[in-house]
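This is what each chain is made of:
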Amino acid sequence: MKARRHHPPLPRRRAAAATDGARAPWSWALAGALLGLLLTLVVLAPARWLAAGVTRASNGMVQLAEPDGRVWRGSARLVLRGGAGSRDAIALPGRVHWRLWPGLAGVRAELRADCCTAEPPLGLRASPRWGGAHLAITDARSHWPASLLAGLGTPFNTVQPEGEMSLSTRGLSLEWLAGRLALQGAAELTVRQLSSRLSTLRPMGSYRLSLAGGSQPAVTLSTLEGALRLSGSGQWVGSRLRFSGEGSAAPGSEAQLTNLLNLLGRRQGERVLITLG
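Here the structure is a predicted model, which means the values were calculated and not measured. (Residues numbered from 1 in each chain as written. Predicted model: local features only at pLDDT ≥ 70, side-chain atom pairs only at ≥ 80, totals over all residues. Heavy atoms only, no water.)

Asks: Please give an account of the overall build of the chain that cites residues and values.
Replies: Secondary structure assignment for the chain yields four helices and 16 strands. Long-range pairs, those at least 24 residues apart, make up 39% of the contacts in the chain with a sequence separation of at least 6. Total accessible area on the chain stands at roughly 17300 Å², and carbon and sulfur atoms take up 59% of it. (Helix = DSSP H or I, 4+ residues; strand = E, 2+ residues; numbered from the N terminus. Contact = heavy atoms within 4.5 Å. Areas by Shrake-Rupley, 256 points an atom, 1.4 Å probe, with all protein chains shown as cover.)

Asks: Can you lay out the pattern of salt bridges for me, pointing to particular residues and giving the numbers?
Replies: Counted under the stated rule, the structure contains seven salt bridges. Among the salt bridges present, the one from Glu-66 reaches Arg-77, with a minimum N-O distance of 3.6 Å. Placement of the pair is Glu-66 in strand β1 (residues 62-69) and Arg-77 in strand β2 (residues 73-81), with a sequence separation of eleven residues. The class of Arg-77 is partly exposed, set by a relative accessible area of 26%. Overlapping salt bridges, with partners in common, bring together Glu-66, Arg-77 and Arg-95 in one network. (Salt bridge = Lys/Arg side-chain N within 4 Å of Asp/Glu carboxyl O. Buried < 20%, exposed > 50% of the residue type's maximum accessible area, 1.4 Å probe, protein only.)

Asks: I'd like to hear about the state of the cysteines, residue by residue, with values.
Replies: Summed over all chains, the structure comprises one disulfide. A disulfide bridge connects Cys-115 with Cys-116, and the sulfur atoms are separated by 2.1 Å. Judged by the sign of its S-S torsion, about -80°, the bond between Cys-115 and Cys-116 is left-handed. Given a relative accessible area of 35%, Cys-115 falls into the partly exposed group. (Disulfide = S-S within 2.5 Å.)

Asks: I'd love a proper account of the layout of surface pockets, names of residues and values included.
Replies: Estimates place the volume of the second largest pocket at around 170 Å³. For the second largest pocket, the lining is made up of 13 residues, of which Arg-180, Leu-181, Ser-215, Pro-217 and Trp-236 are closest to its centre. For the lining of the second largest pocket, the class distribution of residues is six nonpolar, six polar and one charged. (1 Å grid on protein atoms, 1.4 Å probe; cavity = no way out; pocket = protein on both sides within 12 Å on 5 of 7 lines; lining within 4 Å. Points joined across faces, edges and corners; volume = space filled by probe spheres on them. Nonpolar A, V, L, I, M, F, W, Y, C, P; charged D, E, K, R; others polar.)

Asks: For the side chain of Thr-169, give the residues involved together with the corresponding values.
Replies: Along the polypeptide, Thr-169 turns up in strand β9 (residues 162-177). Only 3.0 Å separates the side chain of Thr-169 from the backbone oxygen of Thr-138, close enough to count as a polar contact. Setting aside anything within four residues of it in sequence, one finds Thr-169 in contact with Ile-137, Thr-138, Asp-139, Ala-140, Ala-186 and Ala-187. (Polar contact = N/O pair within 3.5 Å; in protein donor to acceptor, adjacent residues only side chain to side chain.)

Asks: Break down the nonpolar core for me, with residues and values.
Replies: Counting residues in each nonpolar core, the largest one holds 37 residues, and the members touching the most others are Leu-92, Trp-144, Met-204, Tyr-207, Leu-228 and Leu-257. What Tyr-207 contacts, discounting residues up to four positions off in sequence, is Leu-189, Thr-190, Val-191, Leu-194, Leu-221, Ser-222, Thr-223, Leu-224, Leu-228 and Leu-230. (Core = buried A, V, L, I, M, F, W, Y, C linked by side-chain atoms within 4.5 Å.)

Asks: Account for the packing of aromatic side chains, with residues named and values stated.
Replies: This structure, assessed with the given rule, holds zero aromatic pairs. Positioned above the aromatic ring of Trp-101 is the side chain of Arg-108, whose terminal nitrogen or guanidinium carbon lies 4.2 Å from the ring centre. (Phe/Tyr/Trp six-rings, centres within 6.5 Å; stacked < 30°, edge-to-face > 60°. Lys NZ or Arg CZ within 6 Å of the ring centre and 35° of its normal.)

Spelled out as structure tokens, the structure:
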């Protein structure tokens, strides 16, 4: 004999359905409020959140001091340090301004420095890759004080360089995949009227560092003019740069450049051998 099912009276079922129906609008309203709050936090996130993220990501070597504005549009003073525990800190004159546009394919950014970039601003586009990331840089030309390098620590904090650096990029893009660096395009860094606290010779000369992308990205260093003569070349192997070059002093300038040359590399007669990687 089959058991008989007991159903609640019809009015009670109608009351339960009415209660569920009343709860649904409130649930959707709460979800909408939470989503709106989340979007507001994202849109109005203060610039100091970005500054904290940059400090952590660079292990303290790059800092955005005195941040102002929002994560997506703000400004700060750029400070370079030699890393955790380092006392070397160099601040870029003026402020650095940024704008960010997040998207499904990555983040697009515009950067402008009061002291060093012209219009239009420097454009960047970063996008994730499986096991890495891709960064594309718009063609641009900018000018930076060589003294900024001292904030990177050894050996720049000892050399204390002075002069003007000009950076130009052409179709430059970098991609990190599985610990390897792939580079396309070209960049050129020109340092003019270079001086150092290690030498009484001021200036010591002007130099050009060229970067060429491809299957084997290459770097070339050459002297444009001056008593300090530097040259060399190198290639990226994986994510490391292997560079070999040499430095020497023009006749009559040896005594003024001895300290600097001894710091740059290993002595071999009148020249020094420079190796990296």
